[in-house]
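Commentary on secondary and tertiary structure
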Amino acid sequence: AGIAMGLILEGQRFAVLSDILGDEDHLGDMDFKVAGTDHGITSLQMDIKIEGITEEIMKVALGQAKEGRIHILGEMAKALTAARAELGEYAPRIETFKIATDKIREVIGTGGKVIREIVEKTGAKVNIEDDGTVKVASNDGEAMKAAIKWIKSIASDPEVGQIYEGTVVKVMEFGAFVNFFGAKDGLVHISQLASNRVQKTSDVVKEGDKVKVKLLGFDDRGKTRLSMKAVDQETGEDLEAKQKTEAPAAPREAAGE
């Protein structure tokens, strides 16, 4: 916290004034700013219109500034007793990270279409440098997270075996296409829709449904293979991994038999 002190000097008589309205700054002989914590002073700054300041004036000014600073800190503590562990939700912020340079074109898009969409929908400001450095700025924490997540989903590749949340974008006789990783889509074959036999894809999903999928891998043509039946659609748990851990160990043959 900080406070400014003013000085009115008439011959040997003087008065040090706490700067509240600023009148003493304009009419007075000194503008003395003191800032610090309850442990001590961190910075000082002074403008004077007279030839010099005596030790007595300095003692009075510093003592009065301390009283003012401690009072202000006490009022501040009523609103916030300690520093936040992280920035407030609406505090201006900027985050920096890097993406592969060969992914810059995808994030920007043709004619800047993709990056404009990211900015318009999230409200965050995005700047990408030639070396892949990305700077995202916003005064909204959620908007910043959304923009960063969007950019990273474009600039990175999904991992085989990982579970993602996606949206059904197209329903076909042989399965459903799911948008699950930024702009990336994958196919959930009809055999991977549910643990039981499925007669029609539309019996399980329809366009617009939010689903959880596991990335199984890629076929010979590089197309993405997804599975819904490998994931608990309520909890997102990996059912395949769960079955492996719960499966009883095969009995071992006795030595020498």
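Residues numbered from 1 in each chain as written. Predicted model: local features only at pLDDT ≥ 70, side-chain atom pairs only at ≥ 80, totals over all residues. Heavy atoms only, no water.

Another aspect to go through is the pattern of salt bridges. Applying the stated criterion across every chain, the model contains ten salt bridges. As a salt-bridge pair, glutamate 75 and lysine 78 come within 3.0 Å of each other at their nearest N and O atoms. Taken as a pair, glutamate 75 and lysine 78 lie in helix α2 (residues 55–79) at a separation of three residues, close to a single helical turn. Taking the relative accessible area as the measure of exposure, glutamate 75 reaches 40% and is therefore partly exposed. The exposure class assigned to lysine 78 is exposed, which follows from its relative accessible area of 66%. Between glutamate 117 and lysine 121 there is a salt bridge whose closest N-O contact spans 3.0 Å. Note that glutamate 117 and lysine 121 are positioned in helix α4 (residues 113–122) at a spacing of four residues, about one turn of the helix. Of the residues examined, glutamate 117 reaches a relative accessible area of 31% and is grouped as partly exposed. (Salt bridge = Lys/Arg side-chain N within 4 Å of Asp/Glu carboxyl O. Helix = DSSP H or I, 4+ residues; strand = E, 2+ residues; numbered from the N terminus. Buried < 20%, exposed > 50% of the residue type's maximum accessible area, 1.4 Å probe, protein only.)

The residue arginine 93 is located in strand β5 (residues 93–98) in this model. One buried charge, arginine 93, has no salt-bridge partner; the nearest side chain with opposite charge is glutamate 95, at 5.6 Å. Each residue touching arginine 93, except ones within four places of it in the same chain, is listed here: Leu87, Gly88, Val136, Ala137, Ser138, Gly141 and Met144. (Lys, Arg positive; Asp, Glu negative; His and termini not counted. Contact = heavy atoms within 4.5 Å.)

What follows is about the environment of serine 227. Relative to the elements of secondary structure, serine 227 occurs in strand β12 (residues 224–227). A C-alpha to C-alpha distance of 14 Å links serine 227 and arginine 197, two positions 30 residues apart in sequence. Excluding residues that lie within four positions of it along the chain, serine 227 makes contacts with Val188, Gln192, Lys212, Val213, Lys214 and Leu216. Reaching out from serine 227, the side chain makes a polar contact with the backbone nitrogen of alanine 230 at a distance of 3.2 Å. (Polar contact = N/O pair within 3.5 Å; in protein donor to acceptor, adjacent residues only side chain to side chain.)

Across a sheet, paired strands are connected by hydrogen bonds in the backbone, their directions being either parallel or antiparallel. Spatial ordering of the closed barrel is given by β8-β9-β10-β12-β11, a layout of five strands whose pairing is mixed. The mean inter-strand angle of the sheet, taken between neighbouring strand axes irrespective of direction, is 55°. Pairing analysis gives five bridges linking strand β8 (residues 163–172) to strand β11 (residues 210–218), with the strands arranged antiparallel. Within β11, the position partnered with glutamate 165 by the bridge is lysine 212. (Pairing = 2+ DSSP bridges. Axes fitted to C-alpha atoms, helices over the stretch in contact; angles between N-to-C directions.)

Structurally, the position occupied by valine 231 is in the loop between β12 and α6 (239–246). Valine 231 gets classed as buried once you look at its relative accessible area, which sits at 3%. Each C-alpha atom of the pair valine 231 and serine 138 lies 35 Å from the other, and the pair is 93 residues apart in sequence. Sequence-distant contacts of valine 231, defined by excluding residues within four places in its chain, comprise Ile163, Lys212, Val213, Lys214, Gly236, Glu237 and Leu239.

With that out of the way, let us pick up α2. In this model α2 runs 37 Å from its N-terminal to its C-terminal C-alpha over 25 residues, within 8% of the 36 Å that 1.5 Å per residue would give. Buried within α2 we find Ile57, Ala61, Ala65, Gly68 and Arg69. (Expected span 1.5 Å × (residues − 1).)

Looking now at the environment of glycine 111. Mapped onto the secondary structure, glycine 111 falls in the loop between α3 (104–108) and α4. Along the chain, glycine 111 and glutamine 45 lie 66 residues apart, while their C-alpha atoms are 51 Å from each other.

Let us look at the layout of surface pockets. Approximately 210 Å³ is the volume attributed to the second largest pocket. Lining the second largest pocket are 13 residues; nearest its centre among them are Leu187, Asp219, Lys223, Thr224 and Arg225. Elements represented by at least two residues in the lining of the second largest pocket include exactly β10 (184–189) and β12. For the lining of the second largest pocket, the element with the highest residue contribution is β10, accounting for four residues. Residues of the lining of the second largest pocket, tallied by class, amount to four nonpolar, four polar and five charged. (1 Å grid on protein atoms, 1.4 Å probe; cavity = no way out; pocket = protein on both sides within 12 Å on 5 of 7 lines; lining within 4 Å. Points joined across faces, edges and corners; volume = space filled by probe spheres on them. Nonpolar A, V, L, I, M, F, W, Y, C, P; charged D, E, K, R; others polar.)

Here we take up the pairing of strand β2 (residues 13–18). Two faces, one strand: in a regular strand the side chains alternate between the faces of the sheet. Pairing of strand β1 (residues 2–10) with β2, which is carried by six bridges, proceeds in the antiparallel orientation. Residue pairing across strands places methionine 5 opposite serine 18, the latter belonging to β2. Joining the antiparallel neighbours β1 and β2 is a turn of two residues, in which glycine 11 adopts a positive phi near 65°.

Between α4 and helix α5 (residues 141–155), whose axes approach to 9 Å, the crossing angle comes to 155°. Our classification of the angle between α4 and α5 gives roughly antiparallel. Seen along the crossing, α4 lies across α5 with a hand that is right-handed. In contact with Val114, Glu117, Ile118, Lys121 and Thr122 of α4, α5 contributes Ala143, Ala146, Ala147, Trp150, Ile151 and Ile154. (Parallel < 35°, antiparallel > 145°, perpendicular 65-115°, else oblique. Left-handed = near helix turned anticlockwise from the far one by under 90°.)

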